[in-house]
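# Topology and contacts: notes
Here are the chains, one letter per residue:
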Amino acid sequence: MALPANAMTLELMEYHAPAGQVLDHDLATTDRRRVGHVALKVSGIDAAFAHVRAQPDTRMISQAPDYRPERISPTTPADFRFFDAATEADAEQKQATADIISGIRYFYFVDRYGIQWECEEGHHDIGDPTE
């Protein structure tokens, strides 16, 4: 599904918890549900949400009538750490990252193939910095 006037950014996820099902065979690229999560950077998240919600073969991750794009809770540099010691010690970089995280809005939906999609707005450290 195309989201008008939005470039695509691919976010690769690795889930560590809770433990999922262990598969003892390789999946083919054509197996359904091979991809579990795809994230898109969008502009105009409220319009993107309305567009996705209106699609016939998608379902929002929450069926609650008041489900809408959410904002990540305010984040401070103490709330996370960088694995790189030099970056972790850079107070200015940590504050800039906390500011970015605090401005992110997002929503999730599942397409007709069972793939979970995430639309994110406000992640200015990915892609075009002018967006």
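Residues numbered from 1 in each chain as written. Predicted model: local features only at pLDDT ≥ 70, side-chain atom pairs only at ≥ 80, totals over all residues. Heavy atoms only, no water.

### Considerations on the overall build of the protein chain
In plain terms, the rule: Working definition: helices are DSSP H or I runs of at least four residues, strands are E runs of at least two. Numbering for both runs from the N terminus. Residue-level accessible areas treat just the shown protein chains as cover; the underlying method is Shrake-Rupley with a 1.4 Å probe.
Each helix and strand in the protein chain was counted, giving three helices and five strands. Going from the N terminus to the C terminus, the protein chain shows its helices and strands as β-α-β-β-α-α-β-β. Carbon together with sulfur atoms contributes 54% to the accessible area of the protein chain, which is approximately 9300 Å² in total.

### Considerations on the packing of aromatic side chains
Given two aromatic rings, one states the distance between the centres and the angle between the planes to describe the pair. For clarity, the cut-off: Pairing of aromatic rings covers Phe, Tyr and the six-membered ring of Trp, with a centre-to-centre limit of 6.5 Å; geometry is then stacked below 30 degrees between planes, edge-to-face above 60, and tilted otherwise. Only protein chains enter the accessibility calculation, which uses a 1.4 Å probe; a residue whose area is less than 20% of its type maximum is buried, one above 50% is exposed, and one in between is partly exposed.
Following the criterion strictly, the structure yields six aromatic pairs and no others. On the numbers, 5.5 Å between centres and 90 degrees between planes, the contact of Phe80 with Phe82 is edge-to-face. A relative accessible area of 19% means that Phe80 is categorised as buried.

### Here we look at the pairing of strand β5 (residues 116-121)
Here is the rule: A pair of strands is labelled paired if DSSP reports no fewer than 2 bridges between them.
As paired strands, strand β1 (residues 37-41) and β5 are joined by five bridges and run parallel to one another. Within β5, the position partnered with His37 by the bridge is Gln116. Relative to β5, strand β4 (residues 105-110) runs antiparallel, the two being bridged by six bridges. Considered in β5, the bridge of Phe107 is made with Cys119.

### Some points on the nonpolar core
Formally: What is meant by a nonpolar core is a set of buried Ala, Val, Leu, Ile, Met, Phe, Trp, Tyr and Cys residues, joined one to another through side-chain atoms within 4.5 Å. The contact rule is simple, with two residues in contact once any of their heavy atoms fall within 4.5 Å.
Grouped together as the largest cluster of nonpolar side chains are 13 residues, with contacts concentrated most on Val42, Met60, Phe107, Phe109 and Cys119. Breaking this core down by element, the ones donating at least two residues are β1, α1 (45-53) and β4. Here this core gets four residues from one element, more than from any other, and that element is α1. Residue contacts for Phe107: discarding those within four places in its chain leaves Ile45, Ala48, Phe49, Val52, Met60, Tyr67, Pro69, Trp117, Glu118 and Cys119.

### Quick look at the side chain of Thr75
Applicable threshold: Identification of polar contacts relies on pairs of N or O atoms within 3.5 Å, with a donor-acceptor requirement for protein atoms, meaning one able to donate a hydrogen and the other able to accept it, and with residues adjacent in sequence counted only if both atoms are side-chain atoms.
Relative to the elements of secondary structure, Thr75 occurs in the loop between β3 (70-71) and α2 (85-89). Residue classification places Thr75 among the buried residues on the basis of a relative accessible area of 15%. Of the polar contacts made by the side chain of Thr75, one reaches the backbone oxygen of Ser73; its length is 2.9 Å.

### Some thoughts on the pairing of β1
Burial analysis of β1 places five of its five residues in the buried class, the great majority of the element. Alternating residues of β1 divide into His37, Ala39 and Lys41 and Val38 and Leu40, and every residue in both groups is buried.

### Considering the pattern of salt bridges
Close approach of charged atoms allows side chains of opposite charge to pair. Heads up, the rule is: One side-chain nitrogen of Lys or Arg within 4 Å of one carboxyl oxygen of Asp or Glu is enough to make a salt bridge.
For the structure on display, the rule yields four salt bridges. Linking Arg105 and Asp46 is a salt bridge whose minimum nitrogen-to-oxygen distance equals 3.0 Å. Remark: Asp46 occurs in helix α1 and Arg105 occurs in strand β4; sequence separation between them is 59 residues. The partly exposed category is assigned to Asp46, whose relative accessible area is 44%.

### Things to note about α1
We apply this condition: The arc in question is the one traced by the directions running from the helix axis out to the C-beta atoms.
Those residues of α1 that fall on the buried side of the exposure criterion are Ile45, Ala48, Phe49 and Val52. Viewed along the axis of α1, the buried residues span an arc of 100 degrees, placing them on a single side of the element.

Everything listed here is a matter of geometry and, on its own, says nothing about what the molecule does.
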